[in-house]
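Residues per chain are reported as follows:
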Amino acid sequence: NPARLDHTPGGPSSGSAGAVAAGLIPLAFGTQTGGSVVRPAAFCGVAGFKPSFRLIPTVGVKCFSWSLDTVGVFGAGVADAAYFMAALTGRDLRVDGRDPAAPRIGLVRTHLWEEASGEMRQAVETAGRLAEAGGARLVDIELPGLFADAFAAHQVIQDFQAAQALAWEYDHHAAALSPILRDALALGRMLSPADYDRARRTARQARLALRDLFADIDVILTPSAPGAAPEGLATTGTSIFNRLWTLMGTPALNVPGLTGAGGLPLGVQIVAPFGRDRACLEAGRFLERQLSAT
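Residues numbered from 1 in each chain as written. Predicted model: local features only at pLDDT ≥ 70, side-chain atom pairs only at ≥ 80, totals over all residues. Heavy atoms only, no water.

1. A closer look at the pairing of strand 6 (residues 219-223)
The element strand 6 is largely enclosed, with a buried count of 5 among its 5 residues. Note: strand 4 (residues 104-108) against strand 6, 3 bridges, orientation parallel. Each bridged residue has a counterpart across the sheet, and for I105 the counterpart in strand 6 is V219. The pairing of strand 6 with strand 8 (residues 265-271) spans 4 bridges and is classified as antiparallel. From the neighbouring strand, T222 faces strand 8, where its bridge partner is Q269. (Buried < 20%, exposed > 50% of the residue type's maximum accessible area, 1.4 Å probe, protein only. Helix = DSSP H or I, 4+ residues; strand = E, 2+ residues; numbered from the N terminus. Pairing = 2+ DSSP bridges.)

2. Description of the packing of aromatic side chains
Two aromatic rings are characterised by how far apart their centres lie and by the angle between their planes. The tally for this structure, following the rule as stated, stands at 2 aromatic pairs. Aromatic pair F29 and F84: ring centres 5.2 Å apart, planes at 50°, arrangement tilted. Taken as a pair, F29 in strand 1 (residues 27-32) and F84 in helix 3 (residues 78-89) lie far apart in primary sequence, 55 residues in all. When the ring of F160 is compared with that of Y196, the centres are 4.2 Å apart and the planes differ by 10°; the resulting orientation is stacked. Of this pair, F160 sits in helix 5 (residues 146-165) while Y196 sits in helix 8 (residues 193-213), and the two are 36 residues apart along the sequence. The cationic tip of R109 hangs over the ring face of W113; the distance from NZ or CZ to the ring centre is 5.3 Å. (Phe/Tyr/Trp six-rings, centres within 6.5 Å; stacked < 30°, edge-to-face > 60°. Lys NZ or Arg CZ within 6 Å of the ring centre and 35° of its normal.)

3. A short note on the packing of helix 3 against helix 10 (residues 277-292)
The N-to-C vectors of helix 3 and helix 10 enclose an angle of 160°; their axes lie 9 Å apart at closest approach. What the angle tells us is that helix 3 and helix 10 run roughly antiparallel. The handedness of the crossing between helix 3 and helix 10 comes out as left-handed. Judged by residue contacts, V78, A79 and A82 of helix 3 engage L281, G284, R285 and E288 from helix 10. Its residues assigned to classes, the contact of helix 3 with helix 10 comprises 4 nonpolar, 1 polar and 2 charged. (Axes fitted to C-alpha atoms, helices over the stretch in contact; angles between N-to-C directions. Parallel < 35°, antiparallel > 145°, perpendicular 65-115°, else oblique. Left-handed = near helix turned anticlockwise from the far one by under 90°. Contact = heavy atoms within 4.5 Å. Nonpolar A, V, L, I, M, F, W, Y, C, P; charged D, E, K, R; others polar.)

4. Focus: the sheet that holds strand 3 (residues 70-75)
Here 8 strands make up an open sheet; going across it, the order is 1-3-2-7-8-6-4-5 and the pairing mixed. Sheet topology places strand 1 and strand 5 (137-141) at the edges, where each strand pairs with a single neighbour. Mean inter-strand twist for the sheet, computed between neighbouring axes without regard to direction, equals 30°. Where helix 3 meets the sheet, its contacts fall on strand 1, strand 2 (47-50), strand 3 and strand 7 (252-259), and the angle it forms with strand 3 comes to roughly 135°. The strands that helix 4 (residues 118-133) touches are strand 4, strand 5, strand 6, strand 7 and strand 8; relative to strand 8, the one it contacts most, it runs at about 60°.

Listed below in structure tokens is the structure:
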């Protein structure tokens, strides 16, 4: 998905989520470097699962950022996405046919909370309240400032790597690239190795801190997107509520079920520790059931 994911109209995963939502196909692949699995799933009212980094191989995928590119899946609901993941990886990831346990949930607003629409902020808090009513333990968690630094580091890592991954295309076919992508690659070339190395160190520190944060909770609940899908076709919206979790390499899942005043879907995001993909899907299935019961 070679696009600047915070600014450009989305890559193939945007269409994949829409096709699943329209009932054209039951399951689909997507790629996430910033937020191009979780975000379009939220806009389309389907489940979108970004697994732990590299759980699904990226062989055959055109590289944009080798530290961030993650293959994910879409399904109509959480059980569908989990079934697809189980079939793809041979792992015990299915969550259908059993009652998921009530998880310990940390409600994380992040430093970007005010960038979410009023409807989205209410949706996350409603999801937390319904999960708690269903037996989950809900606690508010404030992320340390290190995670705001890690959020900024995502852009540096993405742009620096993209400038290298698409160097041949930029050098030989710059005129054929979209203006936004061409400008993004030019900016990436302006980053120094020192900038890049500082961003990588920040990312590593944040991953270690996140591991400690999960000591008392099973999953995080946070927005999937700033709000409902933007009007028109000029943009697929911003990935600001996804980039941190992509950088952390953790499994992240859009849980459908809530809608805004205009009838458009409002997705909420479940994040679990690295390698705990089943826990992420189980918690998402639990929350999906609570949302559907309203």
